[in-house]
Amino acid sequence: MTRSKTTAFLSAALCGVAFACLAETAAAQSLEVTPKMAAETGWTEMLPSDVKEKGTLAAATTDGNAPWSFVDEATGKAVGVDVDVMNEAAKRLGLTIDWSVIQFTAGIPGVQSGRYDFYVSAMADTKAREEVVNFIDYSQEGSGVIVKKGNPLDIKTMEDLCGKKVAIVTGSLFPAIIDDLNKKCEMPVALTETADQSGPYLAVASGQADATMNTYGVSNYTLHTATEGIQTQLELSPVPRFAPANQGIAFAKDKTDMMAALAGAMQAMAEDGSYQKIMDKWSVGDGGLDPITLNDALF
């Protein structure tokens, strides 16, 4: 081998080693997510350079989950707690968010495929969902049972749903709850599912279903502020709030640094009071979390 070829070979080898070392160092700097991990304000420094240079995040949410997320009829834009919190967190990182409104069932697949950087819409962080995505946990909610106005079937407890028809949104946590309830029922609950967020409400209002289940805060806000439409024909039943859950923002497993940066910004918001201000604005101030956490599923 000539001297020039030898020199070129050694240079290439050294460059290969250098790049490998750099790649290893970069990987070591990536956040290793552990269950119930508390966010730190310093994580904002973990924002990937390519994300910072791009300046925009692609996010998705779902209509019909007021006050957490819904579409303003006047502007056609996504609004709510989730939108306000994430827009402020992104702003602190020098970013803006391009919001898309999609079906609930498309949220996690959209994140996994890389189409969206994150999905948020009053979604419970569960251990099952943590198998496929990571979460920033930012609030706590429960669930409620919605019935026709006047509660004609006198549904006051979960057991009162035995033998009744219940409609829910596909992909929710409620099938497992109904499965557990059916173990106690002489006559099982007849469960139907729909991908459309408003489908269960319509089923109850039309008499096709006796009840539905939804996030308690969503139901309370929607049914108390509605002035027209099917929501005016429904009410929250006296069934006690159930299935308390931490609500989470879903990220792909390979976007831990971007997730960490946003979580750090959200933690800074929690510490300076701006996070609580947003929660209070939408009348969900008692549901805030401090510290902000990662993968903090309660079940």
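Here, the structure is the one placed above.
Notes on the structure in this doc start here. In this text, all values refer to a predicted model and were calculated from it rather than measured experimentally.

Calculation rules
Residues numbered from 1 in each chain as written. Predicted model: local features only at pLDDT ≥ 70, side-chain atom pairs only at ≥ 80, totals over all residues. Heavy atoms only, no water. Helix = DSSP H or I, 4+ residues; strand = E, 2+ residues; numbered from the N terminus. Buried < 20%, exposed > 50% of the residue type's maximum accessible area, 1.4 Å probe, protein only. Contact = heavy atoms within 4.5 Å. Areas by Shrake-Rupley, 256 points an atom, 1.4 Å probe, with all protein chains shown as cover. Lys, Arg positive; Asp, Glu negative; His and termini not counted. Charge placed at Lys NZ, Arg CZ, Asp CG, Glu CD. Phe/Tyr/Trp six-rings, centres within 6.5 Å; stacked < 30°, edge-to-face > 60°. Lys NZ or Arg CZ within 6 Å of the ring centre and 35° of its normal. Core = buried A, V, L, I, M, F, W, Y, C linked by side-chain atoms within 4.5 Å. Disulfide = S-S within 2.5 Å. Pairing = 2+ DSSP bridges. Right-handed = clockwise from strand over helix to strand, strands pointing away. Axes fitted to C-alpha atoms, helices over the stretch in contact; angles between N-to-C directions. Parallel < 35°, antiparallel > 145°, perpendicular 65-115°, else oblique.

## A short note on the overall build of the protein chain
Scanning the protein chain from terminus to terminus reveals ten helices and 13 strands. Overall, the C-alpha framework of the protein chain stretches about 90 × 40 × 30 Å when taken along its three principal axes. Taken across its 299 residues, the protein chain has 48% of its residues classed as buried. In the protein chain, the proportion of contacts linking residues at least 24 apart, taken out of those at least 6 apart, comes to 78%. Carbon and sulfur atoms form 54% of the exposed surface of the protein chain, whose accessible area is close to 14,500 Å². Charge-centre separation for the protein chain: the mean point of 23 positive side chains lies 3 Å from the mean point of 38 negative side chains.

## Notes on the packing of aromatic side chains
For the structure shown, the criterion picks out seven aromatic pairs. An angle of 85 degrees between the planes, with centres 6.2 Å apart, marks the rings of Trp68 and Tyr138 as edge-to-face. With Trp68 in the loop between strand S2 (56–61) and strand S3 (70–71) and Tyr138 in strand S7 (residues 134–148), this pair connects stretches of sequence that are 70 residues apart. On the accessibility criterion, Trp68 (1% relative accessible area) is buried. Taking relative accessible area as the criterion, Tyr138 reaches 1% and is therefore assigned buried. Three or more aromatic residues joined by ring pairs form one cluster here, namely Phe70, Tyr221 and Trp282. For Arg241, the ring lying beneath its charged end belongs to Tyr216, and the centroid distance is 3.9 Å.

## Observations concerning the nonpolar core
Core analysis: the largest hydrophobic core is formed by 48 residues, its most contacted members being Met86, Phe118, Ile136 and Leu262. Broken down by secondary-structure element, the contributors of at least two residues to this core are S2, helix H3 (81–92), strand S5 (96–101), S7, strand S12 (242–251), helix H9 (256–272), helix H10 (274–281) and strand S13 (288–294). Examining the composition of this core, we find that ten residues originate from one element, H9, more than from any other. The contacts of Phe118, once residues within four sequence positions are left out, are Leu57, Ala58, Ala59, Ala60, Met86, Ile97, Trp99, Val111, Ile249, Ala250, Phe251 and Leu262.

## Regarding the state of the cysteines
Per the stated rule, a full pass over the model turns up one disulfide. In this model Cys162 forms its disulfide with Cys185; the gap between the sulfur atoms is 1.9 Å. Of note, the bridge from Cys162 to Cys185 carries an S-S torsion of about -65 degrees and is left-handed in sense. Taken together, the residues span a long stretch of sequence, with Cys162 in the loop between S7 and strand S8 (165–169) and Cys185 in the loop between helix H6 (174–182) and strand S9 (190–194) at a distance of 23 residues. We note that Cys162, like Cys185, is buried.

## Brief notes about the pairing of S9
The pairing of S8 with S9 spans five bridges and is parallel. Across the sheet, the residue bridging to Ala167 is Thr192, located in S9. For the handedness criterion, the β-α-β arrangement of S8, H6 and S9 is classed as right-handed.

## Here's the deal with unusual backbone geometry
Of note, the amide linkage connecting Ala66 to Pro67 takes the cis form, showing an omega dihedral of 5 degrees. Within the secondary structure layout, Pro67 lies in the loop between S2 and S3. Looking along the chain, the bond that leaves Asp290 and enters Pro291 is cis, with omega of 15 degrees. The backbone of Asn151 sits at a positive phi, close to 50 degrees, despite the residue not being glycine. Topologically, Asn151 is positioned in the loop between S7 and S8.

## Re the pairing of S7
When you tally the buried positions in S7, you get 13 out of 15 residues, the bulk of the element. Of the strand pairs in this sheet, S7 and S13 are connected by three bridges, and their pairing is antiparallel. Its bridge partner lying in S13, Ile136 is registered against Leu294. When S7 meets strand S10 (residues 211–215), the two strands line up antiparallel, connected through five bridges. Each bridged residue has a counterpart across the sheet, and for Val145 the counterpart in S10 is Met213. As judged from the three bridges shared by S7 and strand S11 (residues 234–236), these two strands associate in the antiparallel manner. The residue of S11 that forms the bridge with Val147 is Glu235.

## Observations concerning the packing of H3 against H9
Across the interface, H3 lies against H9 with an axial gap of 9 Å and an inter-helix angle of 105 degrees. When the interaxial angle is binned, H3 and H9 end up roughly perpendicular. Packed against H3, whose contacting residues are Val85, Met86, Glu88, Ala89, Ala90 and Arg92, the element H9 presents Leu262, Ala265, Met266, Ala268, Met269 and Asp272 at the interface.

## Looking at helix H7 (residues 199–206)
The buried fraction of H7 is high, at six of eight residues. Packed against the buried residues of H7 are S7, S8, S9, S10, helix H8 (216–225) and S11.

## So, the environment of Gly55
With respect to the secondary-structure elements, Gly55 resides in the loop between helix H2 (49–54) and S2. Sequence spacing of Gly55 and Ile97 is 42 residues, and the spatial spacing of their C-alpha atoms is 8.6 Å.

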